[in-house]
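Listed below are the residues making up each chain.
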Amino acid sequence: MVPKGDQPEAETSGAVLPVPPGGHRLPPLPYPYNALEPYISETQLRIHHDRHHAAYVEGLNTAELALVDERARLDFSLVRYWERELAFNGSGHILHSIYWTNMIPSGGEPTGLVRDCIVSYFGSVRAFREQFFRAALDVEGSGWGVLVWQPQWGRLEILTAWRHEDLTQWGTIPVLVVDTWEHAYYLDYQNRRADYIRAWWNVVNWPDVERRLRLAMAAQVPMQSYGGPAAHGPMPSAPMPGGPPPGGTGLAEPPPGPGIPGVP
Ligand SMILES: [Fe+2]
């Protein structure tokens, strides 16, 4: 099988082609290495992307190919190790890929759908920023601050991650992430994580966040059996700005079509 690598072209339309085991590639930065100065230096960005992110891609490919080999031999004696490598490196590759596109040389403020969703759930953009800043600042050790769309609740939420994969919530889709590993900022800010996060706000690519949010809203993770009642009621006071997301929230509507054969 010839590795085709990740498919950024298809990703923009929401249709992702399968990536074969071991076929992940380091995505190029969408801007020059010095584009985020003075907030993030060229040296910092180059090492972070070319070395650290590249290592996660390599680790993910290695884990996937090792599991292919174990399946072929039906020898799963090292499966616990490789599953951990799969989770750590795969999550690292995903989060870093989002992190690069979440930044742009001249950032701004959230507008449109993103702003509406932030205000609907967090109360105000300021309240969101304060919570996101504090959550990212207080990550213990290495991790991330993550704004997610939760298809099961039909709204945004702020999560944090230890390393890349711990403390997450199943089913969520990250739309805005900030890397709080020291390798993301130490050359520029040493141990001053707060200064780094404040500077990072100046390069947030809000149009990219909105693009990701719209794609995430099309996802569904049903919480009830086919045709059954919802596991919880609707949110009492947080109507979705601009109406329900494309495809609905997946909470109470039976799927369209003739249904599943053999299921009443
Ligand atoms: Fe990183």
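Here the structure is a predicted model, which means the values were calculated and not measured.

Caption draft 1: Representation of the overall build of the chain in the model. Assigned secondary structure in the chain consists of eight helices and three strands. Counting only residues that meet the buried cut, the chain has 27% of its 264 residues in that class. Contacts in the chain between residues at least 24 apart in sequence constitute 64% of all its contacts with a sequence separation of at least 6.

Caption draft 2: Molecular detail of the sheet that holds strand S2 (residues 155-162). Ordered by their spatial adjacency, three strands build an open sheet running S2-S1-S3, and the pairing between neighbours is antiparallel. Two strands bound the open sheet, and with one partner strand each, they are S2 and strand S3 (173-179). The mean inter-strand angle of the sheet, taken between neighbouring strand axes irrespective of direction, is 20 degrees. Pairing geometry for strand S1 (residues 143-150) and S2, over eight bridges, is antiparallel. Paired with Gly143 across the two strands is Trp162, which belongs to S2. Of the strands in this sheet, S1 and S3 touch helix H8 (residues 206-217), which is tilted by about 145 degrees from S3.

Caption draft 3: Highlighting the environment of Gly108. Take Gly108: it is sitting in the loop between helix H3 (79-101) and helix H4 (112-122). Spatially, the C-alpha atoms of Gly108 and Pro207 are 9.5 Å apart, while their sequence positions differ by 99 residues.

Caption draft 4: How the structure looks around the environment of Ala161. For Ala161, the position within the fold is in strand S2. The exposure class assigned to Ala161 is buried, which follows from the 22 C-beta atoms found within 10 Å. For the pair formed by Ala161 and Val146, sequence separation is 15 residues and the distance between their alpha carbons is 7.5 Å.

Caption draft 5: Structural view of the pairing of S3. For S3, a buried count of six out of seven residues is recorded, marking the element as mostly surrounded by other parts of the structure. Note that S1 and S3 share six bridges and pair antiparallel. Opposite Trp144, over in S3, you have Asp179 as the bridge partner.

Caption draft 6: Expanded view of the nonpolar core. Counting 37 residues, the largest nonpolar core has Trp144, Leu147, Val175, Val177 and Leu213 as its most contacted members. Those elements that place two or more of their residues in this core are H3, H4, helix H5 (125-137), S1, S2, S3, helix H7 (193-200) and H8. Contact partners of Leu213, with chain neighbours within four places excluded, come to Leu113, Val114, Cys117, Trp149 and Val175.

Caption draft 7: Spatial organisation of H5. Over its 13 residues, H5 runs 18 Å from end to end, which matches the ideal 18 Å to within 8%, given 1.5 Å per residue. Among all positions of H5, only Phe128, Phe132 and Ala136 are buried. All buried residues of H5 fall inside an arc of 55 degrees around its axis, so they share one side. Exposed and facing more than 90 degrees away from the buried side of H5 are Arg126 and Glu130. Looking at the packing, one finds that the buried side of H5 touches H4, S1, S2, S3 and H7.

Caption draft 8: A look at the packing of H4 against H5. Running from N to C, H4 and H5 cross one another at 80 degrees; their axes reach a closest spacing of 8 Å. One way to sum up the angle between H4 and H5 is to call them roughly perpendicular. Along its contact with H4, which presents Arg115, Ile118, Val119 and Phe122, the element H5 presents Val125, Ala127, Phe128 and Gln131. Per-class residue counts for the contact of H4 with H5 are six nonpolar, one polar and one charged.

Caption draft 9: Helix H2 (residues 42-73), seen in detail. Its 32 residues give H2 an end-to-end C-alpha distance of 46 Å, which sits within 8% of 46 Å, the value for a rise of 1.5 Å per residue. At His48, H2 shows its maximal kink, close to 30 degrees. Here H2 has its buried residues at Gln44, Leu45, His48, His53, Tyr56, Val57, Leu60, Asn61, Ala63 and Glu64. Packed against the buried residues of H2 are H3 and helix H6 (186-189). Trailing H2 by a residue or two, Leu74 shows a phi angle of about 50 degrees, which is positive.

Calculation rules
- Residues numbered from 1 in each chain as written.
- Predicted model: local features only at pLDDT ≥ 70, side-chain atom pairs only at ≥ 80, totals over all residues.
- Helix = DSSP H or I, 4+ residues; strand = E, 2+ residues; numbered from the N terminus.
- Buried ≥ 20, exposed ≤ 12 C-beta atoms within 10 Å, placed from the backbone.
- Contact = placed C-beta atoms within 7 Å.
- Pairing = 2+ DSSP bridges.
- Axes fitted to C-alpha atoms, helices over the stretch in contact; angles between N-to-C directions.
- Core = buried A, V, L, I, M, F, W, Y, C linked by C-beta atoms within 7 Å.
- Expected span 1.5 Å × (residues − 1).
- Arc of directions from axis to C-beta.
- Parallel < 35°, antiparallel > 145°, perpendicular 65-115°, else oblique.
- Nonpolar A, V, L, I, M, F, W, Y, C, P; charged D, E, K, R; others polar.
- Bend = angle between axes of the 7 residues up to and from the residue.

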